[in-house]
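As a plain string of letters, each chain reads:
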Amino acid sequence: MSIFHHTCVRNTVPPHHPLYGKVVYVPAMAEGSAEAFSAALRWMGIEAHPTPPSDERTLELGGKHTSGDECYPLKVTVGDFVKITEQPGFDPKRTVFMMATGDGPCRFGQYVPFLQKLLELLGCPEIGIFAPRTEHGYEALGNFGTAFVRGAWRALVSADMLRKRLLRTRPYELEPGAADQAFGESVQDLCETLERSCSAYDCQRKAIVESLERARLRFEGVATEETQQRPLIGVVGEIFCRLNNFSNHDLVRRLEKQGAECWISDIAEWIGYANQEAARRLRLEGRAFSGDMLKCLLRSRIQHQDEHALLEVFADDFRGYEEPSYAEVMELARPYLPNYGAEGEMVMSVGKAGYLARHGADGIVDISPFTCMNGIVSEAIYPRLSRDLGGIPIRNFYFDGTQSDLDRDVGIYLELARSYREKKTYGRERLGRARPTVAA
Ligand code: SF4
C-alpha cells in the first residue's frame with residue numbers, strides 16, 4: 001500500500017531553471033549520502049545520480065588531469081567526472097557536475113575554477129557546474145526554493161543516521177554482511193521515499209520517518225553479539241577523505257576487522273558548522289540585524305527541528321552516542337584553535353576529538369588527504385590535546401592513493417587504544433540529548 005496520500009503534490013523545477021532537463025552528477029563522497037542527495041534532486045524533477053564507483057581508472061584519469069599539487073579529493077572527484085565523459089551516449093550539453101565550494105582557509109575554493117578550466121581543455125565547456133558555497137551555509141541551493149534546501153537537508157541527515165546505525169551494528173554482527181545488507185536496503189528505501197514524496201513538508205517528513213522506522217527494524221533484525229570489549233575509536237578529519245571509503249582504503253572497516261567500533265563525524269556536522277560561520281561573519285560585518293541574518297537563523301532553526309524529528313526514530317539506539325552542539329565543539333577547540341582566529345575542518349576536528357575523548361572514546365583517528373592543510377594543523381595540535389586528556393592515542397592517517405601496510409599501522413594503533421582503555425579516566429556517558437543546530 002502506498003504511504004502517500006492521493007492528494008500529494010510533487011515538486012518540479014520550472015522549465016526556465018538552469019537544471020531543468022539536465023543530468024546532475026553528485027560526487028559519491030559518502031555511501032548513502034550521495035544516493036539520498038541525488039534522490040532529493042529527483043524529487044524536484046531533476047535527473048540526478050551519484051558518480052559511478054571510484055576505481056583504478058578514477059586514479060588514472062585524476063592523475064592525468066591534475067599536476068600533483070592539488071588535494072587528493074580533487075584528484076578523485078576529477079577522475080570520476082572525466083570517467084563520465086567516457087561513457088557511451090555521454091551528452092555534454094545535458095551534463096552538470098556538482099562541486100561544493102567556499103572561500104575557506106585552504107585549497108577548497110580552487111576546485112571549481114580548476115574544474116571549469118579542465119572542462120574547457122577537454123573540449124566540453126558546455127558541461128554545467130552546480131556549486132553550492134560553504135560560507136553561505138549552502139544557501140545557493142535556495143535557488144531551487146526552500147523546498148529543495150529542506151528536502152536535501154533531510155536526505156543528508158537521514159543518510160548520516162543510517163551510516164551511524166551501520167557502524168553501531170556491523171562490528172557486532174554474527175552473520176558477516178548482514179549489517180551492510182540492512183544498510184543498503186535502508187538507503188534504497190530512503191531514496192525511493194524521498195523521490196516519491198510530496199511537496200508538503202509535514203507529509204514528506206512523515207514519509208521519511210516511516211522509512212527510518214523500517215530501517216530501524218531491519219537493523220534490529222541483524223543478529224549481534226555485544227558482549228565483546230571493543231575499543232571505541234572516534235573518527236575525525238577532512239570530510240571527503242574521512243567519509244569516502246575509496247579514498248581512505250576503507251579504514252573504518254579495517255579498524256572494525258581488527259576489533260574496533262568506530263564513531264565517525266557526519267555530514268550534518270559540517271553543514272551546521274557552515275551555518276554557524278555564516279552567522280558569525282554577518283555579525284563581524286555589522287549585519288547582525290539584517291535580512292541575511294534572519295534567513296540564516298531561520299534556516300538553522302528549521303534544520304534543527306527537522307533533524308530532531310528524524311533523530312527521534314533512533315533515540316534509543318544512539319543513547320551514549322549523542323552528537324555535541326556546535327557551540328560545545330567550538331568551546332572544546334577554543335584553547336587550541338579559537339574559532340575567531342582559525343576556521344575550517346581543523347577547528348571541527350580538534351573540538352570533536354576533545355568531545356569524543358571526554359565521552360569515553362578509547363582513541364581518535366584523523367583521516368586526511370596527504371598535504372591537507374587542515375590535517376597538518378590538527379596534527380600539530382593533537383599531542384597537546386592528548387596530554388590534556390589523559391594520554392588518549394590520536395593518530396593521523398594520510399591518504400594520497402598510495403599506501404604501504406595500512407593493516408599493520410591499524411594493528412599497532414589499536415594496541416595503544418587498548419592499553420589507554422585500561423587506564424582512561426573518562427567513561428562512556430549517556431547524555432540523552434540531540435544536537436542543536438541553531439546559530440547562536
Ligand atoms: S580541507 Fe584539505 S584536502 Fe580539502 S581542500 Fe582544504 S587542504 Fe585540500
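Here the structure is a predicted model, which is why all the values come from computation and not from measurement.

Another aspect to go through is the overall build of the chain. The number of helices and strands found in the chain is 15 helices and 8 strands. Taking 22 Å as the expected radius of gyration for a compact globule of 440 residues, we find that the chain reaches 21 Å, a close match to that expectation. Out of the 440 residues in the chain, the part that is buried amounts to 48%. Put simply, 76% of the contacts in the chain that link residues at least 6 apart link residues at least 24 apart.

Once that is clear, we can look at helix α4 (residues 111-121). Taken as a whole, α4 has its buried residues at Tyr111, Leu115 and Leu119. The buried residues of α4 all sit within an arc of 65° when viewed along its axis, so they share a single face. The outward face of α4, more than 90 degrees from its buried face, is lined by the exposed residues Pro113, Lys117, Glu120 and Leu121. Where α4 is buried, its residues meet α3 (72-85), β3 (95-98) and β4 (128-130). Backbone geometry just downstream of α4 places Gly123 in the positive-phi region, at approximately 80°.

If you look at the biggest cluster of nonpolar residues, it comprises 118 residues, and the most contacted ones within it are Val24, Ala36 and Ala40. Of all the elements, helix α5 (residues 146-169) adds the most residues to this core, at 12 residues. Each of domain 1 (23-137) and domain 2 (230-440) accounts for three or more of the residues forming this core.

Next up on the list: the site of the ligand. Taken together, Cys71, Pro73, Cys106, Arg107, Phe108, Glu238, Glu345, Pro369, Cys372, Met373 and Asn374 form the complete shell of residues around the ligand. Residue contributions to the shell around the ligand reach at least three from each of two domains, namely domain 1 (23-137) and domain 2 (230-440).

This paragraph deals with the sheet that holds strand β2 (residues 47-50). Strand order across the open sheet formed by 4 strands is β2-β1-β3-β4, with parallel pairing between neighbours. A strand with exactly one partner marks an edge of an open sheet, and here the two such strands are β2 and β4. For this sheet the average axis-to-axis angle between neighbouring strands, irrespective of direction, equals 25°. Here β3 runs beside β4; their pairing, made up of 3 bridges, is parallel. Opposite Met98, over in β4, you have Phe130 as the bridge partner. In the packing of helix α1 (residues 33-43) onto the sheet, the strands contacted are β1 (23-26) and β2, and the crossing angle to β2 comes to about 180°.

Overall, parallel pairing links the 4 strands, which are arranged β6-β5-β7-β8 in an open sheet. The two strands at the open ends of the sheet, each matched to only one other strand, are β6 (261-264) and β8 (394-399). Across the sheet, the mean angle separating the axes of adjacent strands is 30° when strand polarity is ignored. Of the pairings in the sheet, the one linking strand β7 (residues 363-369) to β8 comprises 6 bridges and is parallel in character. When the bridges of β8 are listed, Asp366 appears paired with Asn396.

With 14 residues, helix α13 (residues 345-358) ought to run about 20 Å at 1.5 Å a step, and its terminal C-alpha atoms sit 20 Å apart, in line with that. For α13, a buried count of 13 out of 14 residues is recorded, marking the element as mostly surrounded by other parts of the structure. Positive backbone phi, approximately 95°, marks Gly360, located one or two places after α13.

Parameters at a glance
Residues numbered from 1 in each chain as written. Predicted model: local features only at pLDDT ≥ 70, side-chain atom pairs only at ≥ 80, totals over all residues. Helix = DSSP H or I, 4+ residues; strand = E, 2+ residues; numbered from the N terminus. Rg over C-alpha atoms; globule rule 2.2 N^0.38 Å. Buried ≥ 20, exposed ≤ 12 C-beta atoms within 10 Å, placed from the backbone. Contact = placed C-beta atoms within 7 Å. Arc of directions from axis to C-beta. Core = buried A, V, L, I, M, F, W, Y, C linked by C-beta atoms within 7 Å. Domains from an automatic or database assignment. Near = placed C-beta within 6 Å. Pairing = 2+ DSSP bridges. Axes fitted to C-alpha atoms, helices over the stretch in contact; angles between N-to-C directions. Expected span 1.5 Å × (residues − 1).

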